[in-house]
Amino acid sequence: MSATPTSRPSIQARELPATRAAVAMFGLLLVAYAVNAMDRMVFPVLLVEVRAEYGFSLEAAGLQATVFALGMGLAGLPAGRLQRALGRKRTIVAGTVLFSVATALTAASTGFGDMLLWRVLSGAGEALQLAAIITVASNAFPARRGLAIGSINMAFAAGSVVGPAFGASLLEHYGTWRAPMLAYGAVGIVLAAAVVLLVSPRLTEAEPATATAAHTGGATSLLSRNPLVLAAVIVLFGLADFAFIGLYASYLRAELGFDSGAAGFVVGLSGLAAFASPLGGHLVDRFSPRVVLAGLNLAVAACGCALFLGPGSAGWQGAFSFLFGLFASSGVYVAAAGYLVKSVDAANVSRAAGMFVTCVYVAASAAGLLFSSLVSTAGWTGAALVQIVGFSAVGAVLALILRPHLFSTTAPVTTTPVRDDS
């Protein structure tokens with residue numbers, strides 16, 4: 001399909017759906033996104049069984065745990081163009097179907113190579129879905145852009161809580177790690193069909209100026225100072241956060257002796273903390289990016305120290321797992337996405353959403369392999385101090401060179417709507 005401006009449905013001349021209907025439809029998009037988190041958080045818990053069956057080394061297993069992010073990173077920037085060609089609703093549906101089918105096919109893997117392929121494709125599907133949902137959130141709710149983007153991560157939190165617990169119960173009931181993968185793939189297909197039937201293009205294809213407040217100001221290029229600094233902060237965050245997401249469960253089980261149920265519970269607490277994501281969005285809407293991103297990155301570094309230097313008790317690990325998720329998932333992830341969107345003008349919103357996905361997930365794709373390699377040479381504590389603590393501290397320093405006065409703002413609509421032609 002040709003990527004011409006007329007090939008995407010335009011909703012500029014129409015009003016958005018009534019507030020309650022718009023929130024309900026956006027809520028369904030969030031439920032569809034939550035399925036991603038169910039797989040993201042359960043697969044690391046299943047790595048012990050996967051390694052035992054396939055004979056993977058720790059490095060190979062670490063790569064499988066986070067390689068989905070390579071697919072997300074590679075598909076992030078093209079997702080902006082695909083939204084223009086297909087429309088955001090179709091992009092969300094296509095991404096959800098691709099993710100779900102690849103998740104189910106992971107259970108049919110015969111070895112390292114084809115499992116790697118399915119994990120990469122599942123990430124590509126998630127990138128299409130996530131970038132489009134971020135654009136919908138920014139354009140449909142411009143006056144509460146940070147809050148709307150924060151709610152996306154809250155949906156991830158819901159999946160993070162359900163994923164490990166339900167996945168562990170399926171593992172124990174059926175005696176195979178394949179059961180959760182097949183179940184989550186099926187749920188994703190059902191939700192993709194629900195989006196087709198129940199979500200109106202009047203919501204998904206809305207332009208920024210169809211609401212009562214519009215996106216004004218911001219950089220005219222992604223290569224400007226603020227977007228580039230934020231990109232660097234996001235890359236460092238991706239390397240730190242996904243080292244935790246990909247291998248913290250293995251640390252609990254292999255180093256601290258937790259069983260699968262206990263590890264799933266502790267890891268799930270980090271996901272539970274992401275329910276506070278709207279608060280992270282509130283910070284984006286109210287405060288300076290220098291203060292917010294520097295403070296949150298330092299808090300992530302402190303939690304990393306506590307997890308890998310502190311006691312191995314379930315209480316201690318659970319408490320700081322929750323705090324890590326609070327400052328990382330509800331904090332840095334949401335704030336970085338929100339500030340990156342605010343760092344550009346209205347014409348670059350979709351590009352900024354795609355840039356965020358690319359930066360965080362290309363970094364994340366290498367996080368597991370890098371962290372496991374560091375574990376092999378420096379041990380779990382040394383690896384954590386370098387990759388989780390150290391990279392977060394550098395991200396805090398970089399945040400201090402942002403220029404807050406160059407970020408975009410919201411204002412009442414008084415001009416012709418601006419097309420988002422990314």
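Owing to the predicted nature of the structure, the values given are computational and were not obtained by experimental measurement.

Q: Just checking my understanding: could you explain the environment of Phe242 for this structure?
A: Within the fold, Phe242 resides in helix H10 (residues 225-255). Taking the relative accessible area as the measure of exposure, Phe242 reaches 5% and is therefore buried. Taking the C-alpha atoms as reference, Phe242 lies 35 Å from Ala21; in sequence the two are 221 residues apart.

Q: For this particular structure, what's the right way to read the pattern of salt bridges?
A: Two side chains of opposite charge can pair, provided their charged atoms sit close to one another. With the rule as written, the count across this model stands at 2 salt bridges. For the salt bridge of Arg253 with Glu49, the shortest nitrogen-to-oxygen distance reads 3.6 Å. With Arg253 in helix H10 and Glu49 in helix H2 (residues 47-54), this pair connects stretches of sequence that are 204 residues apart. Judged by its relative accessible area of 23%, Glu49 falls in the partly exposed class. Of the charged contacts, one joins Arg178 and Glu53 as a salt bridge, the two residues approaching to 2.7 Å between their closest N and O atoms. A residue pair is termed long-range when its members are at least 10 positions apart, and Arg178 in helix H8 (residues 178-198) and Glu53 in helix H2 qualify at 125 residues.

Q: When you look at the side chain of Thr91 in this model, what are you seeing that I'm missing?
A: Mapped onto the fold, Thr91 is located in helix H5 (residues 88-106). Setting aside anything within four residues of it in sequence, one finds Thr91 in contact with Leu82, Gln83, Leu86, Leu128, Gln129 and Ala132.

Q: I'm lost on the nonpolar core in this one. Help?
A: Within soluble globular proteins, side chains that are nonpolar tend to cluster in buried spots. One finds Phe356, Tyr361 and Phe371 to be the most contacted residues of the largest nonpolar core, which totals 104 residues. Contact partners of Tyr361, with chain neighbours within four places excluded, come to Tyr33, Phe68, Ala69, Leu70, Met72, Gly73, Glu126, Leu130, Phe242 and Tyr333. Ranked by size, the runner-up nonpolar core spans 17 residues in total, among them Leu47, Tyr54, Ala60 and Ala61.

Q: Explain the packing of H10 against helix H15 (residues 349-399) to me, please; I cannot follow it from the model alone.
A: The axes of two packed helices give the description: the angle between them and the distance between them. Interhelical geometry of H10 versus H15 gives an angle of 40 degrees and a closest axis separation of 3 Å. Among the residues forming the contact of H10 with H15, the class breakdown is 32 nonpolar, 7 polar and 1 charged.

Q: Even after reading the chapter, I still don't get the packing of helix H13 (residues 289-309) against H15, so can you show me in this structure?
A: For the pair H13 and H15, interaxial distance at closest approach is 6 Å and the crossing angle is 160 degrees. Overall, the two elements H13 and H15 adopt an arrangement that is roughly antiparallel. Of the two possible hands of crossing, H13 and H15 adopt the one that is left-handed. Every residue of H15 that contacts H13 at Pro289, Arg290, Leu293, Ala294, Asn297, Leu298, Val300, Ala301, Gly304, Cys305, Phe308 and Leu309 is listed here: Phe371, Trp380, Thr381, Ala384, Leu385, Ile388, Val389, Ser392, Ala393, Gly395, Ala396 and Ala399.

Reading the values: rules and limits
Residues numbered from 1 in each chain as written. Predicted model: local features only at pLDDT ≥ 70, side-chain atom pairs only at ≥ 80, totals over all residues. Heavy atoms only, no water. Helix = DSSP H or I, 4+ residues; strand = E, 2+ residues; numbered from the N terminus. Buried < 20%, exposed > 50% of the residue type's maximum accessible area, 1.4 Å probe, protein only. Salt bridge = Lys/Arg side-chain N within 4 Å of Asp/Glu carboxyl O. Contact = heavy atoms within 4.5 Å. Core = buried A, V, L, I, M, F, W, Y, C linked by side-chain atoms within 4.5 Å. Axes fitted to C-alpha atoms, helices over the stretch in contact; angles between N-to-C directions. Nonpolar A, V, L, I, M, F, W, Y, C, P; charged D, E, K, R; others polar. Parallel < 35°, antiparallel > 145°, perpendicular 65-115°, else oblique. Left-handed = near helix turned anticlockwise from the far one by under 90°.

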